[in-house]
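Residue-level listing of the chains:
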Amino acid sequence: MIELSEDNNNDSNSPDIGTVVLEKDPQVKEPPSYQVVLINDDYTPMEFVVFVLQTVFGHSHEKSTEIMMKVHTKGKGVCGIFSKEIAEMMSYEVNTMSKDHGHPLLSEIEPLTD
Ligand code: TYC
């Protein structure tokens with residue numbers, strides 16, 4: 001809070017105009033976003049990765065294939081951006097699905113710095 005006195009030059013003849021109090025704007029900060037990142041490996045079948053991207057993230061077959069190929073060629077790729085809690089759930093879902101199907105496919109989450 002900032003207090004501005006407009007009363008510092010007061011003599012007994014001038015009226016007291018009082019003190020103006022300026023409230024600082026509340027510093028409302030958006031919670032940080034997290035990206036779910038898929039990691040490449042040499043064993044998970046491409047079709048399974050596409051299936052996971054469609055099932056967990058709701059991407060179209062075309063978009064899922066694009067993400068899968070990016071991961072396959074570059075080593076990593078972003079599946080989506082969410083709040084921390086949702087990103088953790090999505091990543092857990094991917095990793096559990098892979099494990100249940102006997103694949104080494106892994107995802108992780110990364111905070112986004114804005
Ligand atoms: N590299 C895998 C293959 O050649 C396919 C793959 C893509 C695996 C993306 C993991 O996150 C991944 N079968």
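Residues numbered from 1 in each chain as written. Predicted model: local features only at pLDDT ≥ 70, side-chain atom pairs only at ≥ 80, totals over all residues. Heavy atoms only, no water.

Under an unreviewed UniProt entry, the name given to the protein chain is ATP-dependent Clp protease adapter protein ClpS, and the organism recorded is SAR86 cluster bacterium. For the record of the protein chain, the UniProt heading Sequence similarities (unreviewed entry) holds the text "Belongs to the ClpS family." (UniProt positions renumbered as here; feature names shortened; annotations may be inferred.)

Right, let's talk about the site of the ligand for a bit. Lining the immediate environment of the ligand, one finds Leu38, Ile39, Asn40, Asp41, Thr44, Met46, Val49, Met68, Val71, His72 and Leu105. One nitrogen or oxygen atom from the main chain of Asp41 is found 2.7 Å from a nitrogen atom belonging to the ligand. Taking His72, its side chain carries an N or O atom lying 2.9 Å from a nitrogen atom of the ligand. Protein burial of the ligand: of its 350 Å² of free accessible surface, 89% is covered by the chains. In terms of residue count, helix α2 (residues 61-74) provides more of the shell around the ligand than any other element does, 3 residues in total. Of the residues belonging to the shell around the ligand, the class tally is 7 nonpolar, 3 polar and 1 charged. (Near = heavy atom within 4 Å. Polar contact = N/O pair within 3.5 Å; in protein donor to acceptor, adjacent residues only side chain to side chain. Areas by Shrake-Rupley, 256 points an atom, 1.4 Å probe, with all protein chains shown as cover. Helix = DSSP H or I, 4+ residues; strand = E, 2+ residues; numbered from the N terminus. Nonpolar A, V, L, I, M, F, W, Y, C, P; charged D, E, K, R; others polar.)

Strand order in the open sheet made by the 3 strands is β4-β3-β5, with antiparallel pairing throughout. This sheet does not close on itself; its edge strands, each paired only once, are β4 (76-83) and β5 (106-111). Across the sheet, the mean angle separating the axes of adjacent strands is 30° when strand polarity is ignored. Both strand β3 (residues 33-39) and β4 contribute to a ladder of 7 bridges, which runs antiparallel. Across the sheet, Val36 pairs through a bridge with Gly80, a residue of β4. Docked against the sheet, α2 engages β3 and β4, running at close to 125° with respect to β4. Helix α3 (residues 84-100) contacts β3, β4 and β5 of the sheet and is inclined by roughly 165° relative to β5. (Pairing = 2+ DSSP bridges. Axes fitted to C-alpha atoms, helices over the stretch in contact; angles between N-to-C directions. Contact = heavy atoms within 4.5 Å.)

Quick look at the confidence of the model for the protein chain now. Summarising the model, the protein chain shows a mean pLDDT of 88, and 85% of its residues fall at 70 or more. Contacts for the low-pLDDT stretch residues 1-11, under 50 throughout, to residues beyond four places or in other chains number 19 contacts. (pLDDT = per-residue confidence, 0-100.)

Two elements in contact, helix α1 (residues 46-57) and α2, have axes whose closest approach is 9 Å; the angle formed by their N-to-C orientations is 125°. Judged on the interaxial angle alone, α2 and α1 are oblique. The element α1 and its partner α2 pack so that their crossing is right-handed. The residues of α2 that touch α1, namely those facing Met46, Val49, Val50, Leu53 and Gln54, are His61, Ser64, Thr65, Ile67, Met68, Met69 and His72. Of the residues belonging to the contact of α1 with α2, the class tally is 7 nonpolar, 5 polar and no charged. (Parallel < 35°, antiparallel > 145°, perpendicular 65-115°, else oblique. Left-handed = near helix turned anticlockwise from the far one by under 90°.)

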